[in-house]
Amino acid sequence: MVSEFKEFIAKGNVLDLAVGVIIGAAFGKIVTSLTEDLIMPVVGKIFGGLDFTSKYVVLSGDVAPGTSLEAARTAGANVLAYGSFVTALINFLILAWIIFMIVKAANRAMPPAPAAPAGPSEVDLLTEIRDSLRK
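The rules behind these values
- Residues numbered from 1 in each chain as written.
- Predicted model: local features only at pLDDT ≥ 70, side-chain atom pairs only at ≥ 80, totals over all residues.
- Heavy atoms only, no water.
- Helix = DSSP H or I, 4+ residues; strand = E, 2+ residues; numbered from the N terminus.
- Rg over C-alpha atoms; globule rule 2.2 N^0.38 Å.
- Buried < 20%, exposed > 50% of the residue type's maximum accessible area, 1.4 Å probe, protein only.
- Areas by Shrake-Rupley, 256 points an atom, 1.4 Å probe, with all protein chains shown as cover.
- Lys, Arg positive; Asp, Glu negative; His and termini not counted.
- Charge placed at Lys NZ, Arg CZ, Asp CG, Glu CD.
- Salt bridge = Lys/Arg side-chain N within 4 Å of Asp/Glu carboxyl O.
- Core = buried A, V, L, I, M, F, W, Y, C linked by side-chain atoms within 4.5 Å.
- Contact = heavy atoms within 4.5 Å.
- pLDDT = per-residue confidence, 0-100.

A. A look at the overall build of the protein chain. Along its length, the protein chain carries 5 helices and 2 strands. Listing each helix as α and each strand as β along the protein chain from the N terminus yields α-α-β-α-β-α-α. Expected size for 135 residues packed as a compact globule is a radius of gyration near 14 Å; at 29 Å, the protein chain overshoots this value by more than 25%. Along the three orthogonal principal directions, the C-alpha set of the protein chain runs to about 95 × 45 × 35 Å. By residue count, 13% of the 135 residues in the protein chain fall in the buried class. Counting every atom, the protein chain has about 10800 Å² of accessible surface; 68% of that belongs to carbon and sulfur. Of the charged side chains in the protein chain, 11 are positive and 12 negative; the average position of the first set lies 5 Å away from that of the second.

B. Region of the structure containing the pattern of salt bridges. Tallied over the full model, the rule gives 2 salt bridges. Residue Glu-70 pairs with Arg-73 through a salt bridge whose shortest N-O separation is 4.0 Å. Pair noted here: Glu-70 and Arg-73 are both in helix α3 (residues 69–74), with a separation of 3 residues, about one helical turn. Owing to a relative accessible area of 52%, Glu-70 belongs among the exposed residues under this scheme. Of the charged contacts, one joins Arg-130 and Asp-131 as a salt bridge, the two residues approaching to 3.2 Å between their closest N and O atoms. On the accessibility criterion, Arg-130 (41% relative accessible area) is partly exposed.

C. Structural view of the nonpolar core. Grouped together as the largest cluster of nonpolar side chains are 7 residues: Tyr-56, Val-63, Leu-69, Ala-72, Ala-77, Val-79 and Ala-81. Those residues in contact with Ala-81 that lie beyond four places of it in its chain are Lys-55, Tyr-56, Leu-69 and Arg-73.

D. Seen up close, the environment of Ser-60. Examined against the element boundaries, Ser-60 turns out to sit in strand β1 (residues 57–60). Considered as a pair, Ser-60 and Ala-26 are 34 residues apart in the sequence and their alpha carbons are 37 Å apart. If we skip the residues at most four places from it in the chain, Ser-60 touches Ala-77 and Asn-78.

E. Focus on the confidence of the model for the protein chain. Scored by pLDDT, the protein chain comes out at a mean of 83, with 98% of its residues at no less than 70. For the protein chain, the element scoring lowest by mean pLDDT is helix α1 (residues 2–10), at 79; helix α5 (residues 122–134) scores highest, at 90.

Given below as structure tokens:
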């Protein structure tokens, strides 16, 4: 069982996957920082100093107006934290766009796949079948 596990781990696909997951997690942190620290403050400034991450609607519970999202959750209120969702959505869109651009650049950098060898045409095949039926 140990030797099978070593063989499984030594396969290139598993190692590539592990590297991809680690790089993806680090890249996700970069995108999160980009969104929370650079983009959302600019969006907030455009909308008059609005901080989206702390925006919520109280669904049930007693929360004083102006209470922070964390304080409302700590108080036991059921809140719809739409600001966090907007931030996560922007994170996703940025990450998807960057991955799209990376894949597009990688596809341009890689040489095109060799063309499949041309086989006989339909006419050639039909001629061959006709000739073999005549025999």
